[in-house]
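Residue-level structure breakdown
Below, each chain spelled out in residue letters.
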Amino acid sequence: MRILLIEDDTVLGAAVRDQIAADGQSVDWVTRLDAAEDAVKSTSYDLILLDLMLPDGRGIGFLKALRARGDVTPVIILTALDQVSDRIEGLNAGADDYLVKPFDLAELSARIGSVARRYTGNPNPIITHGSLDIDLSSRSIHRDGKPVQLTAREWALFETFLSRPGQLLSKAQLEEKLYAFDSEVESNTIEVHVSRLRKKLGSAVIETERGMGYRLGKP
């Protein structure tokens, strides 16, 4: 997933950024609402992590404006405001989840996965695809009953295909999902990851449409 983190606390922001990166996801981190507005106008995000108290305003206003213009990107609020009234305001403004600081980074990862699954239309973390048994919550895969180890980046790429079954994804689209603004991406990075996935999960797991892109293979 491509995630936008809006957080002005540099220590917490760095910890969240590193956690998301360790999960194999791409994250763009901004510390102000004006930068967040610029980011959502130029990039399609799969999920937004939103602090409520920022140097140039309240995150609630950003969230309400996002929803008012029809943007349905999932939003998880990360805030020190822990009153019930604050939670109600956030959820009524259109947030999908609300996490009070301080929080456990592993719990954040779990909540990100849960919200993302709901938006793909399948909240069930267990998926069977041909000979593959996939547990999205534990990020584990078995092929013909045997465990398969994927790197964080390989998992993120495969999860992108799983969330869009049958959809042709271009190389540029895949790079956008996997890498942040300031990441340097080798020209053959996607090809290398696809090749490794095929070796681990089966040659037919990802189909290539030459010159167009890749899609999840049929079960």
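Small disclaimer: the values here were computed from a predicted structure and weren't measured.

1. Some details on the pattern of salt bridges
All chains considered together, the criterion is met by 15 salt bridges. Measuring nitrogen to oxygen at the nearest pair gives 3.5 Å for the salt bridge that ties lysine 171 to glutamate 191. Of the two residues, lysine 171 is situated in helix 7 (residues 171-178) and glutamate 191 in helix 8 (residues 189-201); the sequence distance between them amounts to 20 residues. Among the ionic contacts, a cluster of salt bridges with common partners joins Glu7, Asp51 and Lys101.

2. Regarding unusual backbone geometry
Proline 102 follows lysine 101 through a cis peptide bond whose omega is -5°. Counting through the fold element by element, proline 102 comes out in the loop between strand 7 (97-100) and helix 5 (105-119). Phi angles above zero are rare outside glycine, and arginine 139 is one such case at about 55°. Turning to its location among the elements, arginine 139 is positioned in the loop between strand 9 (132-135) and strand 10 (140-143).

3. What to know about the packing of helix 6 (residues 152-162) against helix 8
In the contact formed by helix 6 and helix 8, the axes pass within 10 Å of each other and the chain directions differ by 85°. On the basis of their axis angle, the class for helix 6 and helix 8 is roughly perpendicular. Here Arg153, Glu154, Leu157 and Phe158 of helix 6 lie close against helix 8, whose contacting residues are His193, Val194, Arg196, Leu197, Lys200 and Leu201. Among the residues forming the contact of helix 6 with helix 8, the class breakdown is 5 nonpolar, 1 polar and 4 charged.

4. Some details on the nonpolar core
Among the nonpolar cores identified, the biggest contains 25 residues, and Ile134, Ile141, Phe158, Phe161 and Leu201 are the most heavily contacted of them. Going through the elements one at a time, strand 9, helix 6, helix 7, helix 8 and strand 13 (213-216) are the ones with two or more residues in this core. At 6 residues, the largest contribution of residues to this core is made by helix 6. Phenylalanine 158 has contacts with Leu132, Ile134, Ile141, Leu197, Leu201, Val205 and Leu216, leaving out every residue within four places of it along the chain.

5. Comments concerning the sheet that holds strand 10
Taken together, 4 strands build an open sheet; the order of strands is 8-9-10-11 and the sheet is antiparallel. Here the strands that pair on one side only, and so sit at the sheet edges, are strand 8 (126-129) and strand 11 (146-148). The sheet shows a mean angle of 25° between the axes of neighbouring strands, direction not considered. Two elements, strand 9 and strand 10, share 4 bridges in a ladder whose sense is antiparallel. The residue bridging isoleucine 134 from the neighbouring strand is isoleucine 141, located in strand 10. Contacts from helix 6 reach strand 9 and strand 10, with the element oriented near 100° to strand 9. Helix 8 contacts strand 9, strand 10 and strand 11 of the sheet and is inclined by roughly 55° relative to strand 10.

Parameters and conventions
- Residues numbered from 1 in each chain as written.
- Predicted model: local features only at pLDDT ≥ 70, side-chain atom pairs only at ≥ 80, totals over all residues.
- Heavy atoms only, no water.
- Salt bridge = Lys/Arg side-chain N within 4 Å of Asp/Glu carboxyl O.
- Helix = DSSP H or I, 4+ residues; strand = E, 2+ residues; numbered from the N terminus.
- Axes fitted to C-alpha atoms, helices over the stretch in contact; angles between N-to-C directions.
- Parallel < 35°, antiparallel > 145°, perpendicular 65-115°, else oblique.
- Contact = heavy atoms within 4.5 Å.
- Nonpolar A, V, L, I, M, F, W, Y, C, P; charged D, E, K, R; others polar.
- Core = buried A, V, L, I, M, F, W, Y, C linked by side-chain atoms within 4.5 Å.
- Buried < 20%, exposed > 50% of the residue type's maximum accessible area, 1.4 Å probe, protein only.
- Pairing = 2+ DSSP bridges.

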